[in-house]
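A closer look at the structure
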Amino acid sequence: MAATTVARRAGMRIPAWRADIVVAGAAALLLAYLTVVPLAMLLLGAVSASGSALDFQFTTRYLERVLTDQASIELLANSLVYAGGAAALAFALGTAAAWAVERTNIPARSLWYGLALVPLIVPGIVHTIAWLFLLSPEIGWINAPLKTLFGFSLSVYSLPGMIWIEGLHTAPLAFILMSAAFRAMDPSLEEAAAASRADAWKTFRRVTLPLLLPSVASVLLILFVRALEGFEVPAIIGVPGRIFVYTSRIYLSLKLYPPSFGLAAAYGLVLLAISVVGLVLHRRATRHAERYATVTGKGYRPRRLELGRFRYVAVGALALYAFLAVALPFLVLLYASFIRVYSVPSLESLRELTLSNYSFILEDELTRTAVFNSLILGVAAATIVVAVTAVIAWVTVRTRFPGRGVLDFLAFVPITIPGIVLGISLIWVYFTIPIRIYGTLWILLVAYVTRYLPYGIRGTTSALVQIHRELEEAAGAAGARWWPTFRHILLPLLRPALVGVWIYVFIISLRELGAGVLLYSSQSVVLAVRIFDLRDSGNYTSIAALSVFLIIVLVALVTVLQRIGGRTIREA
Amino acid sequence: MRRLLTTLALGGLLLAGCGGNTATAPSPTATAKPATTDSPDAVMSRLYEAAKSEGKVAIYSSMNTDDAKKVFPVFEAKFPGVKVEHTRASGEVLTTRVVTEKKAGQDLFDVVESNLFEVGYIIDQGYTQKYIVASAGDYPAEVKGADGAFIAARLNNDIPGINTQKLPAGITIKTWKDLCNPALSGKIAVEQGDVVVYSALRKILGDTEAQNVLRCIAANKPSLRSGHTDMANLLAAGEFAVTLSSNGHRLAQLKNEENKPIDWGRTDPIITDVQGMALANKPPHANAGKLLMEWLTSPDGQKAIQSTGRVPANPKVPPKYPDLNNFAKIFYVSLALRADFDKDQAFWNSTLGVK
């Protein structure tokens, strides 16, 4: 009834079979399949004495241990400080770079855009290893001269070290999302404020900030949860430094003898609870999203701020960021890729330069298979996520479908499930139901789509709330039905966001580790798992060669995608 | 969980026979005899004929891919048409994988091969079957289970690793207690999952002394690492001066093949982690699985393992680097060591700060 009323109010013709309900119902079923079932397995695992849903015996001992553990306060504090710090750093860096690139007359904008994206392409484990070799107390490129010249070194094995590495790595995500937000803003509102003699600070506080609020809330939430559920930095940096967060606890729970699935699931539930709090806060921050609609039927072109001589300061700041986030890690990887066993650069090591690491990765059948599989999965996952989340975003933002809040929640929830826990859950799911896809690329595709739904839904929802209904109302008044309206009005307007989501999901698919590490077989090995395997074998120099190779190939690929995306955005 | 582990431990005690002992010269034993009196070559020939139609063998093994590339291609060359599908993961991850698959009724692997504690757990769950290889008589009792429950094709020596350039002057590492020297504070690394080393030290040194040693090592604020090869490589790079226990073969590779400033502590005895290998209870490629086990334990297979620098389990095939295990008695890690695993792990975690 409500949906019909709203749709009529929007001027859309309601066919007898109620397109909105059919679409919403199909979306609900798909989301239930992708998220409720694994979550149910997670819950069952947390209260199953046997650690398996297939051999269920109820217990509360894992939850009791997680909630009453003496170290639980420290764990919570570490997790919040780490995730909050990394999110704040990534947001600050990403937003500053996005603002400079999108809203100022800074030179070489496309160059900065490309450089800012490079850390996003590099798998987290590679980025972490690169910084390990830059900031290791004894063998770090940065610490070695510091120790020689000043007698002190920076400890990478610390919370600030973890925050720095994670924040630097996820800053490009903030950059992409905030760039889209800056692009979508109607500058006439700021111009109106300026015309009313509001100073720059007042304009920012009263106009710019409220306009950006939905995007800011979404981006901060995504960054926070991303840091909270990632496990490369906590495992490689945190554990040696005895700084434990939830994910490293989960990781260690699975490394117990025998592995404790129940404990891992119980910690996963705590992560889920923290993220649910984040979701509630996000919804509160964006509940009046319509007030911030900035894309209307009016044409506009964002105004760029003239920086004057500060252009060079901005260029210097961006160059420093690019050096720290791109050049320095790349250089250390490049160096490592030409030596057999990692060592501090010296005349001796330079005399022993070798191409053997490149030979290894080019000749290695598993690595070739992993690259091929990752590319297939990346394209498939990105396409499915974009298609599914565009529809779900429409249901949650544009309809009064009774369960739309639940849909939004379900599409978001997977972000809170650590990849490795999702992996275990999916094994149980697909071993329980008679669909034999374990050990194939299909189960990895399901895992990837499930994991990346939240990124898709946040990206498309944020974009959709900024598109006023008046355009759809106009289409409806002209007699258009749901699909033509969705296809010809909404999709073109959403295209920049959808392209952004596609590129992002494609890239993060290439580096996915947590979900894949328990789901792969030798035939379905993927890139990050291959890197993990090489790292597990201590084969850093081969990882470095693979990373250098990947960075070069992927930067070229992303450049092409970026050009297509840019054209798409201009067309839109 | 405690009850489960107790059951496991008891099962392990029964399985282990005489594990956890030290031996100056491992002697072949005839306790586990193959089901046939055919020669290993004859057995492999028969199995190969049957394995051709199976086409491949799926092995879940912790052997790293670098070493696997030196071993499995030799098998494939000898037995054309039987491809080795190697799924590589750490012992913990392999255990997780096997247990989950089997609980769901999936039978995807033919052979599992990893640290004895993990393989012992898989055996205890009933996910393997007994199979006595034709060469079993050549192997000492310490590296094989009773009645063919498992057999090792390779051994890992857990010995203190040393970076000779980073080791402070005047310090020598000959006993585990030497790692307590305050001069090593902040210069030592420990693999966080090495509870087995502490369990072994309890047997070697006695409970009180082993606890004291671990406590004083902890006082040196060790860096907790994950992965032995990773830790050995960082040791070679100079990130720390010593490790509590590194895989001997990797230290030898770094010293002899990479010319790194690496050495190892000549402890007495040498803690040796048996890498158990067992046949799946329902192998999808049963003949190929048996064939691979036969070959890995045959002289040819042992020579392939020897070529990697690892220590072959057959004492008739010496390691490529003899100074890895010729300086003291061998202490074989056994399933019996799991009897107090809960207690050992709790002490290990609380002492070293593994949370």
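1. Some points on the overall build of chain B
Counting its secondary structure elements, chain B contains 12 helices and 13 strands. Classification of the 355 residues of chain B by burial places 60% in the buried group. Contacts in chain B between residues far apart in sequence, at least 24 positions, make up 81% of those at least 6 positions apart.

2. Quick notes on the overall build of chain A
Looking only at helices and strands, chain A features 24 helices and 0 strands. Considering chain A as a whole, with its 572 residues, one finds that 55% of them fall into the buried category. For chain A, long-range pairs separated by at least 24 residues make up 79% of all intrachain contacts whose partners lie at least 6 apart in sequence.

3. Describing the pairing of strand E3 (residues 83-88) of chain B
Two faces, one strand: in a regular strand the side chains alternate between the faces of the sheet. All names here are of chain B. Sheet analysis places strand E2 (residues 56-61) next to E3, joined by 6 bridges and oriented parallel. Residue pairing in the sheet places valine 57 in a bridge with valine 84 of E3. In this fold, E2 hands off to helix H3 (residues 65-78), which returns the chain to E3; that crossover is right-handed.

4. Comments concerning the environment of asparagine 220 of chain B
Residue and element names in this part refer to chain B. Position of asparagine 220 among the secondary structure elements: in the loop between helix H7 (207-219) and strand E8 (223-225). A C-alpha to C-alpha distance of 15 Å links asparagine 220 and serine 350, two positions 130 residues apart in sequence. Apart from residues no more than four positions distant in its own chain, asparagine 220 is found in contact with Cys180, Leu184, Ser185 and Ile188.

5. Regarding the nonpolar core
Judged by nonpolar contacts, the single largest core of 306 residues is most densely connected at Leu223 and Val505 of chain A together with Leu292 of chain B. With residues near it in sequence (within four places) discarded, leucine 223 of chain A still touches Ala87, Ala90, Phe91, Thr170, Leu173 and Ala174 of chain A.

6. A short note on unusual backbone geometry
Residues and elements named next belong to chain B. The omega torsion of the bond from aspartate 268 to proline 269 falls at 5°, within 30 degrees of zero and hence cis. Within the secondary structure, proline 269 is located in the loop between strand E10 (262-264) and strand E11 (270-280). A positive phi is found at lysine 221, a non-glycine position, where the angle reads about 50°. Among the residues examined, lysine 221 registers 14 C-beta atoms within 10 Å and is labelled partly exposed. Even without a glycine there, the phi angle at asparagine 259 is positive, about 55°. By the element assignment, asparagine 259 lies in the loop between helix H9 (248-256) and E10.

7. Quick word on the interface of chain A and chain B
In this complex, chain A contributes 40 residues to the contact, which on the side of chain B involves 41 residues. Residue assignment for the side of chain A that touches chain B shows that the elements contributing at least two residues are helix H12 (246-254), helix H19 (419-432) and helix H23 (527-536) of chain A. It is H19 of chain A that contributes the most residues to the side of chain A that touches chain B, 4 residues altogether. Of the residues contributing to the side of chain A that touches chain B, the split by class is 21 nonpolar, 10 polar and 9 charged.

8. Some remarks on the packing of helix H4 (residues 72-103) of chain A against helix H10 (residues 200-229) of chain A
Residue and element names in this part refer to chain A. One can describe the packing of H4 onto H10 by two numbers: an axis separation of 8 Å at closest approach and a directional angle of 135°. What the angle tells us is that H4 and H10 run oblique. In this structure, the crossing between H4 and H10 has a hand that is right-handed. Every residue of H10 that contacts H4 at Ser79, Tyr82, Ala83, Gly84, Ala86, Ala87, Ala90 and Phe91 is listed here: Val219, Leu220, Leu223, Phe224, Ala227 and Leu228. The residue inventory of the contact of H4 with H10, partitioned by class, reads 12 nonpolar, 2 polar and no charged.

9. A word on the environment of lysine 56 of chain B
Residues and elements named next belong to chain B. Positionally, lysine 56 belongs in strand E2. When the C-alpha positions of lysine 56 and asparagine 287 are compared, they lie 9.7 Å apart, and in sequence the two are 231 residues distant. Not counting residues within four places of it along the chain, the set of residues in contact with lysine 56 comprises Val82, Lys83, Glu85, His285 and Ala288.

10. A closer look at the pairing of strand E9 (residues 242-247) of chain B
All names here are of chain B. Taken across its 6 residues, E9 has 6 buried, putting it largely inside the fold. Examined bridge by bridge, strand E6 (residues 151-163) and E9 share 4 bridges and lie antiparallel to one another. Looking across to E9, one finds that isoleucine 159 is bridged to serine 246. Pairing between strand E7 (residues 188-191) and E9: 2 bridges, direction parallel. Within E9, the position partnered with isoleucine 188 by the bridge is valine 242.

11. Here's the deal with the packing of helix H6 (residues 124-135) of chain A against H23 of chain A
Any two packed helices are characterised by how steeply their axes cross, that is the angle between the axes, and by the distance between the axes. All names here are of chain A. Between H6 and H23, the least distance of the axes is 9 Å, while the angle of their chain directions is 35°. Contacts between H6 and H23 involve Ile125, Val126 and Ile129 on the former and, on the latter, Ala528, Ile531, Phe532 and Arg535. Here the residues of the contact of H6 with H23 are counted per class, giving 6 nonpolar, no polar and 1 charged.

12. What to know about the confidence of the model for chain B
Residues and elements named next belong to chain B. Residues with a pLDDT of 70 or more make up 89% of chain B, whose mean pLDDT is 87. Here helix H1 (residues 2-16) stands out as the element of chain B with the lowest mean pLDDT, 36, in contrast to helix H10 (residues 286-297), whose mean of 98 is the highest. Taken as a whole, residues 1-21 scores under 50 in pLDDT and shows 41 contacts with residues more than four places along the chain or in a different chain.

13. Considering H9 of chain B
Residue and element names in this part refer to chain B. With respect to burial, H9 is a largely interior element, 8 of its 9 residues being buried. Buried residues of H9: Gly248, His249, Arg250, Leu251, Ala252, Gln253, Leu254 and Lys255, and no others. Taken together, the buried residues of H9 touch E6, helix H8 (228-237), E9, E10 and strand E12 (311-312).

14. Details of the confidence of the model for chain A
All names here are of chain A. The predicted model of chain A has a mean per-residue pLDDT of 80, with 88% of residues at 70 or higher. Mean pLDDT in chain A bottoms out at helix H1 (residues 2-9), which sits at 45, and peaks at H4, which reaches 91. This model gives residues 1-16 a pLDDT under 50, and the stretch forms 27 contacts once residues within four places in sequence are excluded. Note that pLDDT drops below 50 for residues 568-572; the model gives that stretch 8 contacts with residues more than four away or on any other chain.

15. Here we look at the environment of asparagine 539 of chain A
Turning to its location among the elements, asparagine 539 of chain A is positioned in the loop between H23 and helix H24 (540-571). Sequence separation between asparagine 539 of chain A and valine 341 of chain A is 198 residues, and the spatial gap between their C-alpha atoms is 7.9 Å. Apart from residues no more than four positions distant in its own chain, asparagine 539 of chain A is found in contact with Leu534 of chain A together with Asp66 of chain B.

Definitions and cut-offs
- Residues numbered from 1 in each chain as written.
- Chains lettered and ligands numbered in written order.
- Predicted model: local features only at pLDDT ≥ 70, side-chain atom pairs only at ≥ 80, totals over all residues.
- Helix = DSSP H or I, 4+ residues; strand = E, 2+ residues; numbered from the N terminus.
- Buried ≥ 20, exposed ≤ 12 C-beta atoms within 10 Å, placed from the backbone.
- Contact = placed C-beta atoms within 7 Å.
- Pairing = 2+ DSSP bridges.
- Right-handed = clockwise from strand over helix to strand, strands pointing away.
- Core = buried A, V, L, I, M, F, W, Y, C linked by C-beta atoms within 7 Å.
- Nonpolar A, V, L, I, M, F, W, Y, C, P; charged D, E, K, R; others polar.
- Axes fitted to C-alpha atoms, helices over the stretch in contact; angles between N-to-C directions.
- Parallel < 35°, antiparallel > 145°, perpendicular 65-115°, else oblique.
- Left-handed = near helix turned anticlockwise from the far one by under 90°.
- pLDDT = per-residue confidence, 0-100.

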